[in-house]
Amino acid sequence: MTQIAEAELRTRMARAVREVRETNPLAPSITNTVTQNFVANAQLATGGSAAMVYLPDEAECVAGLGGAVYINLGTLLPVYAETVPACARACAEGDTPWVLDPVGVGIGSLRTRLIQEVRQWPPAIVRGNASEIIAVAELWGLNAARVDTQGPRGVDAADSVEAARTAAVAIARFTGGAVAVSGPADLVTDGTVIVRAEGGSPLMCSVTGSGCSLGGVATVYACVADPFTAALTATTAYNLAGARAAARCEGPGSFAVAFLDELSHIIPEEAADAPLTFEAA
Ligand SMILES: Nc1ncnc2c1ncn2[C@@H]1O[C@H](COP(=O)(O)OP(=O)(O)OP(=O)(O)O)[C@@H](O)[C@H]1O
Ligand SMILES: Cc1ncsc1CCO
Ligand SMILES: [Mg+2]
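So, how was this worked out
- Residues numbered from 1 in each chain as written.
- Chains lettered and ligands numbered in written order.
- Predicted model: local features only at pLDDT ≥ 70, side-chain atom pairs only at ≥ 80, totals over all residues.
- UniProt positions renumbered as here; feature names shortened; annotations may be inferred.
- Axes fitted to C-alpha atoms, helices over the stretch in contact; angles between N-to-C directions.
- Helix = DSSP H or I, 4+ residues; strand = E, 2+ residues; numbered from the N terminus.
- Parallel < 35°, antiparallel > 145°, perpendicular 65-115°, else oblique.
- Left-handed = near helix turned anticlockwise from the far one by under 90°.
- Contact = placed C-beta atoms within 7 Å.
- Nonpolar A, V, L, I, M, F, W, Y, C, P; charged D, E, K, R; others polar.
- Near = placed C-beta within 6 Å.
- Pairing = 2+ DSSP bridges.
- Buried ≥ 20, exposed ≤ 12 C-beta atoms within 10 Å, placed from the backbone.

An unreviewed UniProt entry annotates the protein chain as Hydroxyethylthiazole kinase of Adlercreutzia wanghongyangiae. Looking at the protein chain in UniProt, the text filed under Sequence similarities (unreviewed entry) is "Belongs to the Thz kinase family." Per UniProt, the protein chain carries the Pathway (unreviewed entry) text "Cofactor biosynthesis; thiamine diphosphate biosynthesis; 4-methyl-5-(2-phosphoethyl)-thiazole from 5-(2-hydroxyethyl)-4-methylthiazole: step 1/1."

Draft legend 1. Representation of the packing of helix H4 (residues 80–94) against helix H5 (residues 110–118). Between H4 and H5, the shortest axis-to-axis distance is 10 Å and the interhelical angle comes to 20°. As the angle between them shows, H4 and H5 are arranged roughly parallel. Viewed along their axes, H4 and H5 form a crossing whose handedness is right-handed. Of H5, the residues touching H4 (which contributes Ala81, Val84, Pro85 and Ala88) are Leu110, Leu114, Glu117 and Val118. Taken together, the residues that form the contact of H4 with H5 break down as seven nonpolar, no polar and one charged.

Draft legend 2. Region of the structure containing the UniProt feature "binding site: ATP" (unreviewed entry) in the protein chain. Sites flagged by UniProt as "binding site: ATP" (unreviewed entry) map to Arg127 and Ser182. A maximum C-alpha distance of 7.7 Å places the annotated residues, which cover 56 residues in sequence, within one compact spot. With respect to the helices and strands, the residue arginine 127 is situated in strand S4 (residues 125–129). Once you skip the residues sitting within four places of it in the chain, arginine 127 turns out to touch Val99, Asp101, Ala180, Leu214, Gly215, Ala218 and Ala231. In this structure, serine 182 sits in strand S5 (residues 178–182).

Draft legend 3. Summary view of the site of ligand 1. The environment of ligand 1 is made up of 24 residues, and the closest members are Ser182, Gly200, Met204, Gly211 and Tyr238. Elements with a minimum of two residues in the shell around ligand 1: S4, helix H8 (210–222) and helix H9 (227–246). Split into classes, the residues belonging to the shell around ligand 1 amount to 10 nonpolar, 12 polar and two charged.

Draft legend 4. Looking closely at the sheet that holds strand S1 (residues 29–30). Read across the sheet, eight strands follow the order S1-S2-S3-S4-S5-S6-S7-S8 without closing on themselves; strand pairing throughout is mixed. Each edge of the open sheet carries a strand with a single partner, namely S1 and strand S8 (276–280). Relative to S5, S4 is paired through five bridges, and the arrangement is parallel. Paired with arginine 127 across the two strands is alanine 180, which belongs to S5. Each of S4, S5, strand S6 (186–189) and strand S7 (193–197) touches H9; the most contacted strand, S5, lies at about 20° to it.

Draft legend 5. Fine view of the UniProt feature "binding site: substrate" (unreviewed entry) in the protein chain. Per the UniProt annotation, the sites labelled "binding site: substrate" (unreviewed entry) are Met52 and Gly209. With respect to the helices, strands and loops of the structure, methionine 52 is situated in the loop between helix H2 (36–46) and helix H3 (56–65). Judged by local crowding, methionine 52 falls into the partly exposed class, with 19 C-beta atoms found within 10 Å. Other than its neighbours up to four places away in sequence, methionine 52 contacts Ser29, Thr31, Gln36 and Ala40. If you trace the backbone, glycine 209 turns up in the loop between S7 and H8. For glycine 209, a count of 23 C-beta atoms within 10 Å corresponds to the buried category. With near-sequence residues (within four places) excluded, glycine 209 lies in contact with Val34, Thr35, Phe38 and Val39.

So this is what it looks like as structure tokens:
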């Protein structure tokens, strides 16, 4: 595998921000009921278009309609046992990239079963907090990734981003796509390059759905860009918007509102100029 050059990646990030604003791409989702509204609003703020579905035939339908599809396992219903595999299969058959957020992996048996089942139709991007990324690598039998994990604490991370580094690289090499690990400093990799991105705000942990909506926005960018560029553009937009919103809010409630405003103001040049550090994986 050859490594993509930093300058080329930054150019692609700027192009992704611009193209989403110009083309309003549809990025449908199967996502949890807690944060569905925030996911849709964040997708719209970046210039994308949202459509949330629940049923298997709807999922197959949107796999053909969308430029990329988001699957978030946050609140499962019995129908998702059919919907999630139907969607991942339809995406694979139609060459539509899809993004997995394995929220709360470890809670109950259905999440585990679904993550194991979709391994055969690999997602273009896996986005999660550190504990979720480590858990997915374990479930997919990517043994190089085995680390001493705390395991997810419900839907929150109990591990550091650094602890998920090997798992993230192993997943990206397996899928051929990208992995975005969120936390105080984010880590994004395509399996050859690791990018670390700082910014954001601890207030993002006080608003449920910061991570879910980051996955939704990565899906919007995946409609117009390769998976690594899309994951990195979304992560960068979140770090910029999060820091700016935190500087002018009064607490979690006004932060969420200010965050959506700031997300809608991100311009291509600043996404490309963001402080990122690059290293070989
Ligand atoms: N301490 C922090 N400082 C700055 N930014 C943070 C911090 N913690 C998280 N973030 C940012 O918040 C966003 C969501 O990351 P987080 O790891 O909280 O996701 P998550 O646990 O999946 O969230 P959720 O499941 O509630 O949607 C990312 O953009 C990340 O960079
Ligand atoms: C709180 C919560 N519970 C299931 S999904 C979700 C949203 C954050 O992941
Ligand atoms: Mg999450």
